[in-house]
Amino acid sequence: MTTTVEETPQSIEVAARAVKTKKYKEPAYRRKGSSDFLKPTLGGLIFRYVLLALVTVIVVGPLIFQLSTSLKGPAEDIYNFPPSLIPQDLTFQNYVRVTDFIPVYLYAWHSLLVAVGTVITNAAFATFGGYALGCMDFKGKKIVMGILLSTMLLPGEVTITSQFLTIKAFGLADTLWGVFLPGAVGAMNVLLITTACRAIPKDMLDAATIDGATTWQRIRHMVWPNIKGMVSVVAIFSFIGAWDDFLWPLIVLTDPAKYTLTVGMAFLSGNFADPRLVAAGTMIALIPIVILFSVMQRHFFAGVEEGAIKG
């Protein structure tokens, strides 16, 4: 003879609470005898964390050291070993004094103008060029692709003389326009957007064309939502490349009043030996990149994966 226990809402709730209180958390490593080979062993997990900590120190260590150096006073020794990362004589005067030797904020403004212009033109031209190469069919398409690929085979130092002669012929030498123009659009950026555009089903674009959608409407409502993640990648890399560029501005610009920040920082490093001021100038140069990446990181990481066609 069997007895049955009547389940009431109260008993179910009590059982649910008991399960919650005794919730078992799976370990992050594979236990002995377990068949879950997707998890590392305990030794493997420890090795991963040690390796991650080592890489973090190598990558972030110089940045922290520069920040610490920029905040140290003149009486504090910056060459002691092991280095002291916490300033004993905390001061912000290095950020003020650096402007006495070079107009660092004016140079930063010049770099910002060039970098923002480079981002806008690369995002726009790469989007239109990528759409043409990835979504349209026309004669000479393979030739255009071959030309773009061939430009990437040559290092920039090989074509820098011809670029300078071209800029000089246009009368743009010793101007910020001359610094900006050669980087207005990059072949790599066009190819990246082309790859993203090829992931869009051609049947969907053809159906939109049949329904009367114009080229701009197809780009705005169908192509752009699926490539904006890649455009964010192009924008970030274009900004960093233009902001950190040193060789080309050094060749084009001769007037110190028109220098970009990288050229001005090289002038500061070469003519003034106080590493505190050099560190302060370096941190000032880093601020726009940190702000840009903080704003765009959501699009940079997650945006690339949201290229799936939404219904």
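In this report, the structure presented in the accompanying data block is examined.

1. Here we look at the side chain of N122
Considering the arrangement of structural elements, one finds N122 in helix α4 (residues 104–135). For N122, a relative accessible area of 2% gives the class buried. Among the polar contacts made by the side chain of N122, one reaches the main-chain amide nitrogen of G186 at a distance of 3.0 Å. If we ignore the near neighbours within four places in the chain, the residues touching N122 are T127, G183, A184, V185, G186, N189, V234 and S238.

2. Quick word on the packing of aromatic side chains
What the rule picks out here adds up to three aromatic pairs. For the ring pair W177 and F180, a centre distance of 5.9 Å and an interplane angle of 75° mean the geometry is edge-to-face. Here W177 and its partner F180 are both found in helix α7 (residues 176–180), three residues apart, which amounts to about one turn of the helix. Judged by relative accessible area, which is 11%, F180 ranks as buried. Between the aromatic rings of F239 and W243, the centroid separation amounts to 5.8 Å while the plane-to-plane angle is 10°, which identifies the pairing as stacked. On the criterion of helical spacing, the pair formed by F239 and W243 is a turn pair, its members being four residues apart in helix α10 (residues 215–244). Using a relative accessible area of 2% as the deciding quantity, one classes W243 as buried.

3. A short note on the packing of helix α5 (residues 141–151) against helix α8 (residues 187–198)
Angle between the axes and distance between the axes are the two parameters that describe a pair of packed helices. α8 packs onto α5 with a crossing angle of 135° between their chain directions and a minimal axis gap of 9 Å. Classed by the angle they form, the pair α5 and α8 counts as oblique. Here α5 runs over α8; the crossing is left-handed. Residues M145, L148, L149 and T151 of α5 lie in contact with α8, whose contacting residues are A187, V190, L191 and R198. A class-by-class count of the residues in the contact of α5 with α8 yields six nonpolar, one polar and one charged.

4. Points about the layout of surface pockets
The calculated volume of the largest pocket comes to roughly 1,100 Å³. If you trace the largest pocket, you find 33 residues lining it, with Q163, P182, G183, V185 and G186 closest to the centre. Sorting the residues of the lining of the largest pocket by element identifies α4, α6 (156–169), α7, α8, α10 and α11 (247–252) as the ones contributing at least two each. Classifying every residue of the lining of the largest pocket by side-chain character gives 17 nonpolar, 14 polar and two charged.

5. Details of the side chain of T127
In this fold, T127 is placed in helix α4. Of note is the side chain of T127, whose polar atom sits 2.5 Å from the backbone oxygen of A123. Ignoring anything within four residues of it in the chain, the contact list for T127 reads N122, I193, W224, I227 and V231.

6. Describing a nonpolar patch on the surface
The grouping of F47, L51, L54, V55, I58, V59, V60, L63, I64, F65, L85 and I86 at the surface amounts to a nonpolar patch, some 1,100 Å² of accessible area in total. Structurally, L85 is set in the loop between α2 (42–70) and α3 (93–97).

7. Some words on the pattern of salt bridges
Here the structure, examined in full by the defined rule, presents three salt bridges. A salt bridge links K202 to D137, with the nearest nitrogen and oxygen atoms 3.8 Å apart. Taken together, the positions of K202 in helix α9 (residues 202–210) and D137 in the loop between α4 and α5 put the pair 65 residues apart, joining distant regions of the chain. Exposure remark for D137: the relative accessible area of 62% places this residue in the exposed category. Taken together, the shared-partner salt bridges in this structure form one network comprising D137, K141, K202 and D206.

8. Side note on the state of the cysteines
Inspection of the entire model under this criterion finds zero disulfides. Considering cysteine sulfurs only, C135 is the nearest to C197, which forms no disulfide, with 4.4 Å between them. Relative accessible area serves as the criterion here: at 0%, C197 is assigned to the buried category.

9. Examining the packing of α4 against α8
Interhelical geometry of α4 versus α8 gives an angle of 50° and a closest axis separation of 7 Å. In terms of orientation, α4 lies oblique with respect to α8. Of the two elements, α4 crosses α8, and the hand of that crossing is right-handed. Residue-level contacts link N122, A126, T127, G129, G130, Y131, L133, G134 and C135 of α4 to N189, V190, I193, T194, C197 and R198 of α8. Class assignment for the residues of the contact of α4 with α8 results in seven nonpolar, seven polar and one charged.

10. A closer look at α10
Note that an α-helix has 3.6 residues per turn; residues three or four places apart therefore point the same way. The first and last C-alpha atoms of α10 sit only 36 Å apart over 30 residues, clearly below the 44 Å expected at 1.5 Å per residue. Of all the bends in α10, the largest measures some 65° and sits at W224, one to four residues before the proline P225.

Each value, and the rule that gives it
Residues numbered from 1 in each chain as written. Predicted model: local features only at pLDDT ≥ 70, side-chain atom pairs only at ≥ 80, totals over all residues. Heavy atoms only, no water. Helix = DSSP H or I, 4+ residues; strand = E, 2+ residues; numbered from the N terminus. Buried < 20%, exposed > 50% of the residue type's maximum accessible area, 1.4 Å probe, protein only. Polar contact = N/O pair within 3.5 Å; in protein donor to acceptor, adjacent residues only side chain to side chain. Contact = heavy atoms within 4.5 Å. Phe/Tyr/Trp six-rings, centres within 6.5 Å; stacked < 30°, edge-to-face > 60°. Axes fitted to C-alpha atoms, helices over the stretch in contact; angles between N-to-C directions. Parallel < 35°, antiparallel > 145°, perpendicular 65-115°, else oblique. Left-handed = near helix turned anticlockwise from the far one by under 90°. Nonpolar A, V, L, I, M, F, W, Y, C, P; charged D, E, K, R; others polar. 1 Å grid on protein atoms, 1.4 Å probe; cavity = no way out; pocket = protein on both sides within 12 Å on 5 of 7 lines; lining within 4 Å. Points joined across faces, edges and corners; volume = space filled by probe spheres on them. Patch = residues over 30% accessible without salt bridge, like charges linked within 9 Å, V, L, I, M, F, W, Y side chains within 5 Å. Areas by Shrake-Rupley, 256 points an atom, 1.4 Å probe, with all protein chains shown as cover. Salt bridge = Lys/Arg side-chain N within 4 Å of Asp/Glu carboxyl O. Disulfide = S-S within 2.5 Å. Expected span 1.5 Å × (residues − 1). Bend = angle between axes of the 7 residues up to and from the residue.

On their own, these measurements won't tell you what the molecule is for.
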